[in-house]
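Fold and geometry: a report
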Amino acid sequence: MADGRVTTSTEPLLGPEQEEALRMFIDEGSVDCEGILEYLGYYISHGISDGRFTERQAHHDLGVALWVAFACNSIGDYEHYFTSAEWLSRVEDLSAGCGPWYHRYAVSLMYCGKPGRALEYCERGVREDPDYLPTWLTLGRLRAHFGDRRGAGDAVARGLELSPDDQDFLQLRRDIEEGATIEQMEAHRIGEDDVHLFTAIDGIVCDRQALDRLKTKLGITGWSADHPYCTYLMNRGEGAVMVSLLMNEAQASKKDPDAIGGILDCLDDLDTESRAYLEETSGVGGHCLYGVSIGPAMNVRLSYGVPRSEEIRIVDFDSDLDLVRESDGGPFAAMVLLSSDDWDPGAIIKHLRENWGIVLADADVGEDALIGMHEGNIIAVSLMHASVPGDEAEENASYNYRWPGAVDAASAHVAHLVVALVNHAGEPLDCGLTFTKIVESCAVLPNVLGIYGCGTVFEPGPYIEDAQCMKVGDLPLDEMVWFGMYRTSEGINAYTMGMAALGWDEMEIIGADDDPSNVASFLYDVAYHLLFNRMHLRDGDTFGFYEDQELPVRKGPGVSVEGMTLKIGYPEKGSDFDE
């Protein structure tokens, strides 16, 4: 029943072009929810910055709120239901006659632990828009939950009148006859693999007695519930710590008090392990614990303040209370393009030893392959007696705006080396530095035309020259990460390719109003700062190069690259970010 139907106000912010673009995210019953939210976020932020409308107008537009709720409810976890309810509540005065608004608001309220209010809005919804089918289905479930079996049956009858032989209503009829709970009714619409949706179902009905037992077990005072999570202050020897159960009261009431209590009993040990990890990875000690978060799966997050800084550091533990370290990084792979079908593995081994002090253990040298170990990692270089298939290298070479001859060089190659490092030990960034040394040792061969990696083709000479900075402890960032950019109608878009292999999120700048060279320099400086200082940004952080600069950081689906990326806010044109 995900139809994407939207009713807009008299002066909607979303015109026909935007509505059509949003409908493109719905395809034969599947919905790209993240794509919808990303599109709306981009449209709203640029609309506000361009002066087409205000933030207040964006948050009081029926069409925008309905699309946000449609996407959030389709994702179906507690956090998104809460977001949906927030957006819809702001436009209640515009909702007259709009069945989708009443239905989406009722569903959001129900999954936020407010089934009583959800019932009220369903009852109003079927009066406002009696032909909107989904409202009748939710109304039937809620009526049955509150003991009104006759009313629930009437809702089923009305649903089958509107949609004969509808399987959802036939299932609801069976549920009513069998006395199913509302959780069981909702579970019938969910696939067995949708674990987070089953978790969300726990958030519908609160077991008050069980919740009281939990509070007693934890010795809770000052309980704050459902904003969106449950929080309270826990006193420790060195001061109070904010404890957050990342769930609403209904979900919390389903948790074992002993399990949550056991986590908090281990807090001193977790804190000790976290401080050691932070000092190891950042080189800074003395972090101050101020927050403990416990997720629905009993995973734990500790939040720390950094001494003499406004930065926040996060340490995660899984449900077994094992420390979650950063990504192992990778894949570390590149292709060295050759002008002739031959190579000299001995020269590569010699260069690695003499120039970088790398001696490959257990090296196995064959006619077409070189394999060895270094610091627990597998190093492999293989000769391919053909060009890279499908004109892939040539196409990606065209993205290198810094090397006019990239496409010609890529077009001339007749063979290539595949260079790889399989990370079994060590920090990803350290592995990336080692990998760059290995590629540089291949690039010195006399028949090398270019290095294909990070989504483009690099020029051998500058690659070799820049890599030497590692000898003085610097980062060869231009060899490890590609900084792509292109112009759109909204401004300059810039992106990284290669940060993920190093254990960081890829980053993007969207629609910057500035000279391309400034945008590239800014993104380069951000990446260098993060990697050199081994810092990580997360969704919701702010970033700046000087005290008063607070640029927003938002994580979401990539615009220029695949996967999730960090969107870094760009300074106003003319800002001296180089300070």
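Just so it is clear, the model here is predicted, and its values are computed rather than measured.

1. As for the overall build of the protein
What the protein contains, in helices and strands, is 23 helices and 21 strands. Within the protein, the proportion of its 579 residues that are buried is 48%. A separation threshold of at least 6 residues defines the contact pool for the protein, and within that pool the share at least 24 residues apart is 60%. The protein carries 42 positive and 101 negative side-chain charges, and their two centres are separated by 9 Å.

2. Some points on the nonpolar core
Core analysis: the biggest nonpolar cluster contains 67 residues, and V381, L417, V419, M507 and I509 have the highest contact counts within it. Non-local contacts of L417, meaning those with residues more than four positions away in its chain, are made with A334, M335, V336, L338, W343, V381, S382, L383, C442 and L445. Counting 62 residues, the second largest nonpolar core, distinct from the first, contains I36, A69, A144 and A152.

3. A short note on the pattern of salt bridges
Applying the stated criterion across every chain, the model contains 19 salt bridges. R236 is the salt-bridge partner of D271, the closest N and O atoms lying 3.8 Å from each other. Taken together, the positions of D271 in helix α16 (residues 267–282) and R236 in strand β3 (residues 230–236) put the pair 35 residues apart, joining distant regions of the chain. By relative accessible area, which is 6% here, D271 ends up buried.

4. Looking at the packing of aromatic side chains
Going through the model one piece at a time under the given rule, you end up with 24 aromatic pairs. Residues Y401 and W482 carry aromatic rings whose centres are separated by 5.2 Å and whose planes lie at 45° to one another, so their mutual orientation is tilted. Of this pair, Y401 sits in the loop between α18 (392–397) and α19 (406–411) while W482 sits in strand β16 (residues 482–488), and the two are 81 residues apart along the sequence. Here Y401 falls in the partly exposed class, since its relative accessible area comes to 41%. For W482, a relative accessible area of 0% gives the class buried.

5. Some remarks on helix α6 (residues 99–111)
Along its 13 residues, α6 runs 19 Å from first to last C-alpha, staying within 8% of the 18 Å computed at 1.5 Å per residue. With respect to burial, α6 is a largely interior element, 13 of its 13 residues being buried. Downstream of α6 by a residue or two, G113 has a phi angle that is positive, lying close to 80°.

6. A closer look at the side chain of R158
Here R158 shows up in helix α9 (residues 149–162). Judged by relative accessible area, which is 19%, R158 ranks as buried. Contacts of R158, omitting those with residues within four sequence positions, involve P130, D131 and W136.

7. Quick word on the packing of helix α17 (residues 345–356) against helix α20 (residues 428–443)
Between α17 and α20, whose axes approach to 9 Å, the crossing angle comes to 125°. Here α20 runs oblique to α17, going by the angle between their axes. Note that α17 runs across α20; the crossing there is right-handed. Along the contact surface, α17 presents I348, H351, L352, N355 and W356, while α20 presents K437, I438, E440, S441 and C442. Classifying every residue of the contact of α17 with α20 by side-chain character gives five nonpolar, three polar and two charged.

8. So, the layout of surface pockets
Over the atoms rolls a probe the size of a water molecule, and its path tells where empty space is left. Volume-wise, the largest pocket comes out at about 1600 Å³. Broken down by secondary-structure element, the contributors of at least two residues to the lining of the largest pocket are α2 (33–49), α4 (62–75), α5 (78–89), β18 (506–512), β20 (551–557) and β21 (564–568). The biggest single contributor to the lining of the largest pocket is α2, with eleven residues. Split into classes, the residues belonging to the lining of the largest pocket amount to 21 nonpolar, ten polar and 13 charged.

9. With respect to the sheet that holds β21
Here six strands make up an open sheet; going across it, the order is β16-β17-β18-β21-β20-β19 and the pairing mixed. For this open sheet the edge positions go to β16 and β19 (542–543), each flanked by a neighbour on one side alone. The pairing of strand β17 (residues 491–497) with β18 spans three bridges and is antiparallel. Note on β18: the bridge partner recorded for Y495 is E508. Along the sheet face, α2 touches β18, β20 and β21 and points at about 150° away from the line of β20. Of the strands in this sheet, β16, β17, β18, β19, β20 and β21 touch helix α23 (residues 516–532), which is tilted by about 155° from β18.

10. Points about the environment of M384
Residue position: M384 is located in strand β12 (residues 377–384). The class of M384 is partly exposed, set by a relative accessible area of 35%. It is 42 Å that separates the C-alpha atoms of M384 and Y39, two residues lying 345 residues apart in sequence. Setting aside residues up to four positions removed in sequence, M384 forms contacts with D341, A415, H416 and V418.

Rules and cut-offs
Residues numbered from 1 in each chain as written. Predicted model: local features only at pLDDT ≥ 70, side-chain atom pairs only at ≥ 80, totals over all residues. Heavy atoms only, no water. Helix = DSSP H or I, 4+ residues; strand = E, 2+ residues; numbered from the N terminus. Buried < 20%, exposed > 50% of the residue type's maximum accessible area, 1.4 Å probe, protein only. Contact = heavy atoms within 4.5 Å. Lys, Arg positive; Asp, Glu negative; His and termini not counted. Charge placed at Lys NZ, Arg CZ, Asp CG, Glu CD. Core = buried A, V, L, I, M, F, W, Y, C linked by side-chain atoms within 4.5 Å. Salt bridge = Lys/Arg side-chain N within 4 Å of Asp/Glu carboxyl O. Phe/Tyr/Trp six-rings, centres within 6.5 Å; stacked < 30°, edge-to-face > 60°. Expected span 1.5 Å × (residues − 1). Axes fitted to C-alpha atoms, helices over the stretch in contact; angles between N-to-C directions. Parallel < 35°, antiparallel > 145°, perpendicular 65-115°, else oblique. Left-handed = near helix turned anticlockwise from the far one by under 90°. Nonpolar A, V, L, I, M, F, W, Y, C, P; charged D, E, K, R; others polar. 1 Å grid on protein atoms, 1.4 Å probe; cavity = no way out; pocket = protein on both sides within 12 Å on 5 of 7 lines; lining within 4 Å. Points joined across faces, edges and corners; volume = space filled by probe spheres on them. Pairing = 2+ DSSP bridges.

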